[in-house]
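Residues per chain are reported as follows:
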Amino acid sequence: MLALLLLSIIISSSATSGFSAIKSTIPIMNQQHHHQRDAAAYQDFVSSAVDFSGCYVRNGFVTATRSVRDIDTNSRRSFVYNIPLISPSLAAPPMELSAKIKARIPSPSGDKLAVLVEESVPSDIEGKGQDTKRHVMEVWTNKGHQLAKRIVLPSTIHGPVCTDFAWFGGISWSPDETALVYSAEVNKPKTASYFAASSKEDDKEEDDTIVGGQYTLGVGKKEDWGEKYGTTALLALFCLNVSTGKIGAVENVPACTNTASQTTDGNHVLGQPIFSPCGQAVVYTGWDAGGGGDMPRRLGAIYCYHRPCQIYSSPVSQLLKTLEIDTTEDGDETVADDNFVCITPNDRLSRSPRFSSPSDGVAKLAYLTHTKGFDTHNGCMALHTSDWCMSKGSVVDGSKKVVVDVVTLPGERGDGELISGLKFPGLFFNQLSDKCFSPDGKFILTSSQWGSVVRVVSISLDDGSVKPLSFDMRDGNNRNDAEPSQQFLCFTDDGGAIVTQSECNFPTMLGSLPSSFLTDAKGGISSQVLAELPSAATSSFSPSSAASGFKAGSGYSYKIMNILPEHGDVKVDVSSILLLPDDAGNEKLPLIVVPHGGPHSATPTSFVPSYGYLCQHGKYAVLHVNFRGSTGFGQAALESLAGNAGTQDVLDVVAATRAAIDTGAIDPERVGICGGSHGGFLAAHLSGHHPDLFKVASMRNPCINIASMVTATDIPDWCYVETLGIGKYKWDNFRAPSKEENDKMWDNSPIAHLENVKAPTLVALGMKDRRVPPSQGLEYFHSLRAKSLPTKLLVYEDCDHAIDRVVSEADFWINTKQWFDKHL
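Small disclaimer: the values here were computed from a predicted structure and weren't measured. (Residues numbered from 1 in each chain as written. Predicted model: local features only at pLDDT ≥ 70, side-chain atom pairs only at ≥ 80, totals over all residues. Heavy atoms only, no water.)

Visitor: Help me understand the pairing of strand E2 (residues 61-70) in this model?
Guide: Regular strands have side chains that alternate between both faces of the sheet. Among the 10 residues in E2, 9 count as buried, and that is most of the element. Pairing analysis gives 6 bridges linking strand E1 (residues 51-58) to E2, with the strands arranged antiparallel. Residue Ser53 lies in a different strand from E2, and its bridge partner there is Thr65. Linking E1 to E2, which pair antiparallel, is a turn of 2 residues; within it Asn59 sits at a positive phi near 55 degrees. Pairing analysis gives 10 bridges linking E2 to strand E3 (residues 75-84), with the strands arranged antiparallel. Bridged to Phe61 within E3 is Pro84. Between E2 and E3, which pair antiparallel one after the other, the connecting turn spans 4 residues, and Asn74 there sits at a positive phi close to 55 degrees. (Buried < 20%, exposed > 50% of the residue type's maximum accessible area, 1.4 Å probe, protein only. Helix = DSSP H or I, 4+ residues; strand = E, 2+ residues; numbered from the N terminus. Pairing = 2+ DSSP bridges.)

Set out below in structure tokens:
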């Protein structure tokens, strides 16, 4: 309809041009039709995506929150699903969750629900000139049906509550459900201009305001944790009594800053807090923020799982007693709690503390650790446990046990089971689930990267054996070629498990595993589908032109390909996932190669709408390459990339690409490359190293010139470690690189091979990117344009490194598809 309207307008305005005017509108009509089909198809795929978070079981129902893209408002909407475990078909329709709700934490018994709300307070209520934001903790009782109390968290006590539950944040109930512990931002010191009038009523009155400090780093300006953490500087722990509403800081912690009034420099960031089962202590993770000697400059935290951290315990019995009293009389003595204890003093990396239920006066404390630590941004973790004495409220001396150690090479532990052709590669995940212990305390369930898939594994606390759970929520166990990725979410009340399953061509399904299957994996039905959620419309856009509709499980297929490369010292398979459209017939397909970012991450066999869009709608084969350096293939393979970025990973991607071509399904003259971050680094490298193989490129926030990036990024350690090797970054001494180091960084950069590039190149930049500064992509774009190569620049002013705002994400992928359409 819009195309016809354009046609009539152009004809009427160019009547004197005759037939030539009509002819000139035909490309416009076709182009508009093309745009509409692409937009409609993209909308179809992202509407089918199912992204779960905040899953828990309470009173016979599993509650899960689904995030849905909303293109109309450039935001994400959240919907809460309450599904009965006994009769999931009787689930009520989902309810939309207000954007004001930042967290929902059920109590251990399920009788209470803590809801953290961020709300705006009108200026006429606060008496200020503009609306202000505040956090309120709502306490719902009677199995979550009654709002019993609303407690305002005063900004005079702390800043915003940290709701980053994937890393720093955490909110936990006490075992008796009378208190909560949470992590929140430490307030900045009071500052004032040199020209501001004194706030003192009397010259003798003490005033802790720092005059002239409002622009000083560590005083009026906080030193944050880089990309995505621009508002996070120092976090402290606080306890809240849900009856009295009183809040108190946990002050017996490493280098306490809760009462600091002069600086936010140094110290530790405290997060991931949980109550001990006895209720006498809180156990938490403390990251070195300058107080431990290994962080003279705070480095980027997002996607960086190697920042020095340890696990601590702080007694809180006296603090909790103080909070139980509604008022405190003048002269009342307060008894201080004992000092904190570092539970992991000999481990460089320790995080994610979790408790089992107590038995015979003892509970188990489990956590992830790596004693030596690693310089790369991710790595294989060990699982340790210690005994916790319920009567003393502390760890039992000498009770530490290594349940699963770090694995150097797949299969070295002797575990015989193969997943996707790979023996057990070690534990590769970032946090344990909140309730990861089986009800009998005999094993832990978790999800771990295992080659190119994510699998649910059962870890015996007796002998440390790791058993991948074999189940398939689609068509029983008759699909021998299926390689789904699966996640453990939480336990049910009867000892079963809530899990998800996803595949490259099938969105996430929610399901359950019976307790009998978890204990012996014999007989009966191994899994039950609780919810296969329908698509959720992402916008009001509804073109008249039909798009190729997405139907789960059809339209394209996938398979895992493993090759053993000849180059490199560590001989571990390079694993790839090849997506192929169904209706190609005998025609050879154009190929888009997609190396992942990180570089120490991996692409699993999960549903990602953008790649399904390129494959089914664009009719492209898509190849995800998990080169050596990826997670899920052992620590040696991961660390083999350090010092070899730009060489080993480049050769791995080339080898995987040639293996895909050798299948006979790929047209070797129509191969393109697409990647973001380190994937963009590889896309630029491959365009320069192998210009006759990779004919077209699309890249997001690519690293182009490491020598110019090293002093501008929030992760200078990446520049040293990936180009110079392990041990080359001095954690206790921040400095600029030497001339020799700078030369090596240049040599390992894509910019060194610019003269060889022939590929038409699309560059997308998030202008708020602190990880790979936009100047990197701009340098590449201007250099290519000066060579008169077809080049296009996409500028997203409000995006950071991920370019994950809903509209920007959509714009990039539609542009990418059309760029390959035009040039490949």
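Visitor: Just checking my understanding: could you explain the sheet that holds strand E30 (residues 528-531) for this structure?
Guide: In a beta sheet, neighbouring strands pair by backbone hydrogen bonds and run either parallel or antiparallel. Taken together, the 4 strands give an open sheet; going across it, the order is E27-E28-E29-E30, and neighbouring strands pair in antiparallel fashion. Two strands bound the open sheet, and with one partner strand each, they are strand E27 (485-491) and E30. Between one strand axis and the next, the sheet turns by 35 degrees as a mean value, whatever way the strands run. Sheet topology note: the strand E28 (residues 497-503)/strand E29 (residues 506-513) ladder contains 6 bridges and is antiparallel. Opposite Gln501, over in E29, you have Met509 as the bridge partner. (Axes fitted to C-alpha atoms, helices over the stretch in contact; angles between N-to-C directions.)

Visitor: I keep staring at helix H8 (residues 648-661) and nothing clicks. Help me out?
Guide: Along an α-helix, residues three or four positions apart point the same way, because every turn accommodates 3.6 residues. The end-to-end C-alpha separation of H8 is 20 Å, in line with the 20 Å expected for 14 residues at 1.5 Å each. The buried fraction of H8 amounts to 11 of the 14 residues, a majority that puts the element mostly inside the structure. (Expected span 1.5 Å × (residues − 1).)

Visitor: Quick question: what am I supposed to make of the confidence of the model for the protein here?
Guide: The predicted coordinates of low-pLDDT regions are not to be read in fine detail. With 90% of its residues at a pLDDT of at least 70, the protein reaches an overall mean of 89. pLDDT under 50 marks residues 1-26. Its contacts with residues more than four places away, or in other chains, come to 13 contacts. Low confidence marks residues 257-261, where pLDDT is under 50. Its contacts with residues over four positions away, or in another chain, come to 12 contacts. (pLDDT = per-residue confidence, 0-100. Contact = heavy atoms within 4.5 Å.)

Visitor: What exactly am I supposed to notice about the sheet that holds E1 here?
Guide: Within the open sheet, the 4 strands sit side by side as E1-E2-E3-E4. Their pairing is antiparallel. Single-partner strands in this sheet number two, and they are E1 and strand E4 (95-97). Put simply, the sheet's adjacent strands are angled 30 degrees from each other on average, direction ignored. As paired strands, E3 and E4 are joined by 3 bridges and run antiparallel to one another. Considered in E4, the bridge of Phe79 is made with Glu96.

Visitor: What exactly am I supposed to notice about empty space enclosed by the protein here?
Guide: If you roll a probe as big as a water molecule over the atoms, it shows you where there is empty space left. Summed over the entire model, instances satisfying the criterion amount to 4 cavities of 30 Å³ or more. There is about 50 Å³ of room inside the largest cavity. Along the walls of the largest cavity sit Cys504, Tyr556, Leu579, Thr603, Pro604, Ser606, Val608, Tyr611, Gly612 and His624, which together make up its complete lining. Across the lining of the largest cavity, the residue classes break down as 6 nonpolar, 4 polar and no charged. Looking at the lining of the second largest cavity residue by residue, the classes come out as 2 nonpolar, 6 polar and 1 charged. (1 Å grid on protein atoms, 1.4 Å probe; cavity = no way out; pocket = protein on both sides within 12 Å on 5 of 7 lines; lining within 4 Å. Points joined across faces, edges and corners; volume = space filled by probe spheres on them. Nonpolar A, V, L, I, M, F, W, Y, C, P; charged D, E, K, R; others polar.)

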